[in-house]
Amino acid sequence: GHTELSQEDIRLIKHSRKSLLFDPKGEAWHRKDSLFDVTMGAPDGAEVCELVGVYLLYKIREILPDDSDCGLYRDDGLVIMRHSNGPTIERTRKSLFRLFRNEGLKITVSSPSDSVDFLDVTFRSDGSFRPYRKAEKVTHYIHKQSDHPPAITKNIPDMISRRVSSISSSYEVFDAAKPYYEDALRRSGYEPNMSYNEDASKTQKICNLQEEKSGRYCGSIHLFLQLWIPT
C-alpha cells in the first residue's frame, strides 16, 4: 500500500530542505529559484536520493516497452530491453531524455550494447555475469590488525567470498576472478581460501526461475542502456 502524507508532513519536509550558506563576510547564498536544496553531507541525503529514485523509476516504467526492465542506484541506472528493434530503441532514448529534462535533470545514455558494467558487476545478454572493477582501481580491505572489533575482521574473508560468489554466474567465473580478491585480502593481513558459495548465488537462481515461469528468459535480452545522472 501507499503511505498517506498529511499537509503538515509535507510542509515539514519542504521546510527541512531549505538551505542557506554564508560566506566569511556574513553574506547569504542560496539557489536563485528557491531555498529548496539537498546539501552535500545532509543527514537525510541518502533517503532523499532513494525517494527521488523510486519516483523516477515509476516514471521510466511508463515509457518503456512492456518487455523491458529498469533499475536505479543513486545516479547510475540500467535499462534492459528485450526483442526491441532500432526505431523502438531510439524512441525510448528520446523519451528518456525528455522525461529527465521535464524533471529538471540532465542524463547521459550509453549506446545500446549486449554487455554492460553496472556498479561492481558485468552483465551480458546471454544471462552470464561476472565481477567488474575499473582497471586502475586497487582494492583495499580493513586490515586484520586494525582496531575494528574481531567479529568484523575475522568475517571479512568470508564476506568477500560470498560477495564474489553472488556476482559470478558460475563456478568457472568465480574461479577466474578470485585471485585478484585473494591478493587484496593478503595485503590486508589475511590468509584467504575463497571457495564458491552456492547459497550466495541462490538469489540469481530464484531470479532465473521467475524469468522462466513468466516466459522472459535472461537469454532473450536484446541489449542494455546505461543511464548516468550528472552530479
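Residues numbered from 1 in each chain as written. Predicted model: local features only at pLDDT ≥ 70, side-chain atom pairs only at ≥ 80, totals over all residues. Heavy atoms only, no water.

1. Things to note about the pairing of strand E4 (residues 76-82)
Inclusion rule: The buried label goes to any residue with under 20% of its type's maximum accessible area, the exposed label to any with over 50%, and the partly exposed label to all in between, with areas taken from a 1.4 Å probe on protein chains only. Helix and strand definitions here come from DSSP, where helices need a minimum of 4 consecutive H or I residues and strands a minimum of 2 consecutive E residues; each element is numbered from the N-terminal end. DSSP calls a pair of strands paired once it identifies at least 2 bridges connecting them.
Most of E4 is tucked away: seven of the seven residues are buried. Neither face of E4 is exposed, since Asp 76, Leu 78, Ile 80 and Arg 82 on one face and Gly 77, Val 79 and Met 81 on the opposite face are all buried. Here strand E3 (residues 69-73) hands over to E4 after two residues, with Arg 74 in that stretch at a positive phi of 55°.

2. Points about the confidence of the model for the chain
Definition in use: Per residue, pLDDT measures the predictor's confidence, with a range of 0 to 100. Note on contacts: a residue pair is in contact if any heavy atoms of the two residues lie within 4.5 Å.
Chain-level statistics for the chain give a pLDDT mean of 82 and a share of 85% at 70 or above. Averaged pLDDT values for the elements of the chain fall to 46 in helix H7 (residues 202-214) and rise to 95 in helix H6 (residues 171-187). Counting interchain partners and residues more than four positions distant, the pLDDT-below-50 stretch residues 205-221 has 25 contacts.

3. What about the packing of helix H5 (residues 156-166) against H6?
Applied cut-off: Where helices are involved, their axes are fitted lines through C-alpha atoms of the stretch in contact, as for all axes, and angles between N-to-C directions lie from 0 to 180°. Roughly parallel refers to an angle under 35 degrees, roughly antiparallel to one over 145, roughly perpendicular to one between 65 and 115, and oblique to any angle outside these ranges. By the definition used in this description, the sense in which the near helix is turned from the far one sets the handedness, with an anticlockwise turn below a right angle giving left-handed and a clockwise turn giving right-handed. Under this grouping Gly is polar, as are all residues other than the nonpolar Ala, Val, Leu, Ile, Met, Phe, Trp, Tyr, Cys and Pro and the charged Asp, Glu, Lys and Arg.
For the pair H5 and H6, interaxial distance at closest approach is 10 Å and the crossing angle is 155°. As far as their axial angle goes, H6 and H5 are roughly antiparallel. Note that H5 runs across H6; the crossing there is right-handed. Each of Ile 156, Pro 157, Ile 160, Ser 161, Val 164 and Ser 165 in H5 lies in contact with H6, whose residues at this interface are Phe 174, Ala 177, Tyr 181 and Leu 185. Considered class by class, the residues forming the contact of H5 with H6 number eight nonpolar, two polar and no charged.

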